[in-house]
Structure formats: C-alpha cells, structure tokens
Amino acid sequence: MAYNKASEERKWRLWKEAEEKQLRELGVSEEKIAQLRAYDWEMFNSDRRYYEHHAEGGDYLEHLAASEEESDAKTVSDFLSGIDSPVLFRLLSETDPITILIALRRSQGKSFAEISLEIGLSENTAHRRWTRLKEKIKKSL
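One structure accompanies this document, and this report is about it. This is a predicted model, so every value here is computed, not measured.

### Concerning helix 1 (residues 5-25)
Its 21 residues place the ends of helix 1 30 Å apart at the C-alpha level, agreeing with the 30 Å of an ideal helix rising 1.5 Å per residue. Taken residue by residue, helix 1 has Ser7, Glu9, Trp12, Lys16, Glu20 and Leu23 as its buried positions. One or two residues past the end of helix 1 sits Gly27, with phi positive at roughly 90 degrees.

### Here's the deal with a nonpolar patch on the surface
A contiguous nonpolar surface patch, about 260 Å² in accessible area, is contributed by Leu36, Tyr39 and Met43. Within the secondary structure, Leu36 is located in helix 2 (residues 30-54).

### Overview of the packing of aromatic side chains
Applying the stated criterion to the full structure yields five aromatic pairs. Their ring planes at 40 degrees and their centres at 5.8 Å tell us that Trp12 and Phe44 sit as a pair that is tilted. Of this pair, Trp12 sits in helix 1 while Phe44 sits in helix 2, and the two are 32 residues apart along the sequence. Residues Trp12 and Phe44 agree in their burial class; the two are buried. Through pairs of rings, three or more aromatic residues link up here, namely Trp12, Trp15, Trp41 and Phe44. Directly above the aromatic system of Phe112 lies the positively charged group of Arg106, at a separation of 4.4 Å from the ring centroid. The positively charged end of Arg106 is found above the aromatic ring belonging to Trp130, 5.4 Å away from the centroid.

Cut-offs used in this document
By convention here, each chain's residues receive numbers from 1 onward along its written sequence. With pLDDT at 70 or above as the cut-off, local features in this predicted model cover only qualifying residues; side-chain atom pairs require 80 or more to be listed or tallied, and sums for whole chains, interfaces and linings still use all residues. The basis for every side-chain value is the complete set of non-hydrogen atoms in the structure, without hydrogens or water. Secondary structure elements follow DSSP: runs of H or I no shorter than four residues count as helices, runs of E no shorter than two count as strands, and numbering proceeds from the N terminus. Here the expected length of a helix is defined as 1.5 Å per residue gap, with one fewer gap than residues. Three labels apply to residues, based on accessible area from a 1.4 Å probe with only protein chains included: buried if under 20% of the type maximum, exposed if over 50%, partly exposed otherwise in between. Patch construction takes residues with relative accessible area above 30% that form no salt bridge. Like charges are linked within 9 Å, and nonpolar side chains (Val, Leu, Ile, Met, Phe, Trp, Tyr) are linked within 5 Å. Here the Shrake-Rupley method, with its probe set to 1.4 Å, supplies the accessible areas, and only the displayed protein chains count as covering residues. Whenever Lys or Arg places a side-chain nitrogen within 4 Å of a carboxyl oxygen from Asp or Glu, that contact is recorded as a salt bridge. Centres within 6.5 Å make a pair out of two Phe, Tyr or Trp rings, where for Trp the six-membered ring is used; the pair is then stacked when the planes are under 30 degrees apart, edge-to-face when over 60, and tilted otherwise. We call a charge positioned over a ring when the NZ of a Lys or the CZ of an Arg lies within 6 Å of the ring centre and within 35 degrees of the ring normal.

Here you go:
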C-alpha cells in the first residue's frame, strides 16, 4: 500500500492535540509546548519522507498480516474476492494456490511455523514463497 500522507497527518494532529491538552493540564508553558510541537512536526516529516520512498506494493501483504482481526477470509477464494485492486487480483489469481494459502494464513496472523505445519512445507519454503510473492507484487504495482 502506498503511504497516505493525509491520513497519517490527520492521525498525527489528533495525537498531538491530545498530548498538548495533557501538557496544559500539567502546567507546561506554551513556549515548551510550541517547541515540542515543532520538534514532533520535524520528526513526522522525516518519517513521512522515509515512508513515501520506501512504501511499495509488497506492503499490502504486510498490512494484511498485521491486521489479524480484519481478515474474515477462510478460504483462498474468499481471500481473492476481498482484493480491491484489479492489478493485484490478476496477479494473485495467476499465483499458485499454495502461495495464496500462505498469504491468506499470514493475513490471519499465523506464523511461518504454524503455516508450514498446516500445508506440509518447511518453514523456510513457506517464508521463501511469501518473500517471492511480495517481490512479484512490488514489481507489478
């Protein structure tokens, strides 16, 4: 997934407003709060530049793996039907079912050890297939 600056900036502003409210309640001076805001904004922009240059298509699968509760898919076909991007859908449709199953299980938060036991591949092989799929997606998106 591409880095969404507007969304991240909105999150940062909400976080910053809550933090500043707490600081004011604790009696921190407005000058210190302004200095902290400037520093945090500089750090946000530094992080933003990094993520904008390093966010690529393979991050989509990492996002799925990180959001365990968001994945309702139980089968490979459910997983594929939940893909919004036509390019990603086509690419995954052309991928072998075992690799898709690995992606599905990673989206459910399973470790490579759990996946390898389930599908009968070594942990190394499951991880290698996952890595190759991510590289394939990065190249096509």
